[in-house]
Amino acid sequence: YGTSTVVFDGNGYNKIQGAAGTITFANIELSRNTTLGTPSKNVRLLNPVLINTAMTFNKGRVYSTTTNYLSFADNATCTVTNDDSAYVHGPVRKTGNDAFSFPLGDTTLQDSIAYHPLGISAPGSASDRFEAQYYALGQTVGDSLVDSLANSSEDEYWRLDRQVGTSDIIVTLSWNRNSGNVQDYNTLRVANWNNVKWLDLGGTNRTVSNGTGTVTAVAAPTYVSNSALLTISNQVSTQDYAVLHRKLDGGYYLVKNGALYFMYDEEYNDIDDELSFTIYDDQRRTVASSSGTYAISKTSDYGDNRYYINLFDCNTNVNGSLGSGTFILEVTNEKN
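It should be emphasised that the depicted structure is a prediction, and the values quoted were computed from it without experimental measurement. (Residues numbered from 1 in each chain as written. Predicted model: local features only at pLDDT ≥ 70, side-chain atom pairs only at ≥ 80, totals over all residues. Heavy atoms only, no water.)

**Student:** I would appreciate a short explanation of the overall build of the protein chain in the present structure.
**Tutor:** In terms of regular secondary structure, the protein chain is built from zero helices and 27 strands. In the protein chain, buried positions account for 46% of the 336 residues. In the protein chain, 63% of the contacts between residues at least 6 apart in sequence involve partners at least 24 apart. (Helix = DSSP H or I, 4+ residues; strand = E, 2+ residues; numbered from the N terminus. Buried < 20%, exposed > 50% of the residue type's maximum accessible area, 1.4 Å probe, protein only. Contact = heavy atoms within 4.5 Å.)

Listed below in structure tokens is the structure:
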């Protein structure tokens, strides 16, 4: 392989295969013509593949397995330039003392929501090795939570294996539009299963961009048999809630970072935990709703008569954008 770059482009040559053992590349550039649901246009690893220097994902998916995995040597880098369809479905390994972002995704998801990298801070030794994989399905280990957490994701989780070394690293999880519990950006946390309950690893350096973002833990993960299950959670909210009355009373509440918290002035039964809502502008024109022409995805969660709606994605309405200003929120439960 020398020091050259091997470019995988077009839509032919859909596997990397050779004699028994690891196939080593200095540099790989992936620039495939891909179509979701067409496996022949993805690259399958039929041997373990090692990147010695760098790999660039411009476009294209790589299938790896626990036997035939993609690995990066110490000081090797990975760059993703087009995350819509550029990722690894399966395990990825990294050896070394470098901060690294594992280019993870899941082909069961549409390209626009498939990319979910996991980042780690720099391990302490050049011989340390970690392996990571993303799963676009709900975890089944349990739903017990420490008191500081309000939930754990029902849509996705990551597995991070500490295969060599004892370094404690800090993880960053990347959420996408399929991450159902990511609605209140202000309370995002990284959760970690300790074989009994989900621990709160804290949440900092949160980013939000066009319905995607990241959250970084504060504490290092706990490993069960050298494996850490991770997911995105929300902290129990201490947020003040706007009180909704039966009649519009002239009160107001400011939306911060897209999150509007509200509660009723009396208890209501809401058996199916669903709400219908409409948002009007000051001319009483509908600008967003839970159904109909200006529908946005369901973002109302129910619990103890308290709700929140994230208005970040309210961007299809009569004015082109919800924008700033004063709006009226009208909420209806199943009792109308």
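Now that the structure is up, let's keep going.
**Student:** What is the right way to read the nonpolar core from this model?
**Tutor:** Grouped burial of nonpolar side chains is what soluble globular proteins tend to show. In this structure, Phe102 and Leu160 are the most contacted members of the largest nonpolar core, which totals 50 residues. Ala242, Leu244, Phe262 and Ile279 belong to the second-largest nonpolar core, a separate cluster that totals ten residues. (Core = buried A, V, L, I, M, F, W, Y, C linked by side-chain atoms within 4.5 Å.)

**Student:** What exactly am I supposed to notice about the sheet that holds strand 19 (residues 212–216) here?
**Tutor:** Strands belonging to one sheet form pairs held by backbone hydrogen bonds; the direction of such a pair is parallel or antiparallel. Across the sheet, five strands lie side by side as 10-11-15-19-18; this open sheet has antiparallel pairing. Edge positions in the open sheet fall to strand 10 (100–102) and strand 18 (204–209), since each of these has one partner strand only. Averaged over all pairs of adjacent strands, the angle between strand axes in this sheet comes to 15°, irrespective of strand direction. Inspection of the sheet shows strand 15 (residues 171–175) paired to strand 19 by four bridges, in the antiparallel sense. (Pairing = 2+ DSSP bridges. Axes fitted to C-alpha atoms, helices over the stretch in contact; angles between N-to-C directions.)

**Student:** Help me understand the packing of aromatic side chains in this model?
**Tutor:** The way to describe two aromatic rings as a pair is by their centre distance and the angle between their planes. Overall, the coordinates contain six aromatic pairs when judged by the stated rule. Between the aromatic rings of Phe72 and Phe100, the centroid separation amounts to 5.1 Å while the plane-to-plane angle is 50°, which identifies the pairing as tilted. Here Phe100 lies in strand 10 and Phe72 lies in strand 6 (residues 70–72), a separation of 28 residues in the sequence. Of the two residues, Phe72 and Phe100, both sit in the buried class. Note on Trp193 and Trp198: the rings are 5.5 Å apart at their centroids and 55° apart in plane angle, and the pair reads as tilted. Like Trp198, Trp193 is buried. Through successive ring pairs, a cluster of aromatic residues spans Phe72, Phe100 and Phe102. (Phe/Tyr/Trp six-rings, centres within 6.5 Å; stacked < 30°, edge-to-face > 60°.)

**Student:** For this particular structure, what's the right way to read the sheet that holds strand 24 (residues 286–289)?
**Tutor:** Pairing in this open sheet of three strands is antiparallel, and the strands run 24-23-27 from one edge to the other. Edge strands, defined here as strands with exactly one partner in the open sheet, are strand 24 and strand 27 (328–332). Each adjacent strand pair in this sheet contributes to an overall mean axis angle of 20°, direction not counted. Bridge count between strand 23 (residues 276–280) and strand 24: three bridges; the pairing is antiparallel. Its bridge partner lying in strand 24, Tyr280 is registered against Thr286.

**Student:** Teacher, can you tell me more about the side chain of Asn47 here?
**Tutor:** With respect to the element layout, Asn47 can be found in the loop between strand 4 (43–45) and strand 5 (49–63). A polar side-chain atom of Asn47 sits 2.9 Å from the main-chain amide nitrogen of Gly18. (Polar contact = N/O pair within 3.5 Å; in protein donor to acceptor, adjacent residues only side chain to side chain.)

**Student:** What's the story with the pattern of salt bridges in this structure? I'm lost.
**Tutor:** When charged atoms on two side chains of opposite charge get close, those side chains can pair. Summed over the entire model, instances satisfying the criterion amount to nine salt bridges. The partner of Arg189 in a salt bridge is Asp200, and the shortest N-O contact between them spans 3.9 Å. With Arg189 in strand 16 (residues 188–193) and Asp200 in strand 17 (residues 198–200), this residue pair connects regions lying eleven residues apart in the sequence. For Arg189, a relative accessible area of 11% puts it in the buried group. Put simply, Arg285 and Asp281 hold a salt bridge, and the shortest N to O gap is 2.8 Å. The exposure class assigned to Arg285 is partly exposed, which follows from its relative accessible area of 39%. In this structure Asp281 comes out as buried when scored by relative accessible area, which is 4%. Through salt bridges with shared partners, one network takes in Arg93, Glu131, Arg159 and Asp161. (Salt bridge = Lys/Arg side-chain N within 4 Å of Asp/Glu carboxyl O.)

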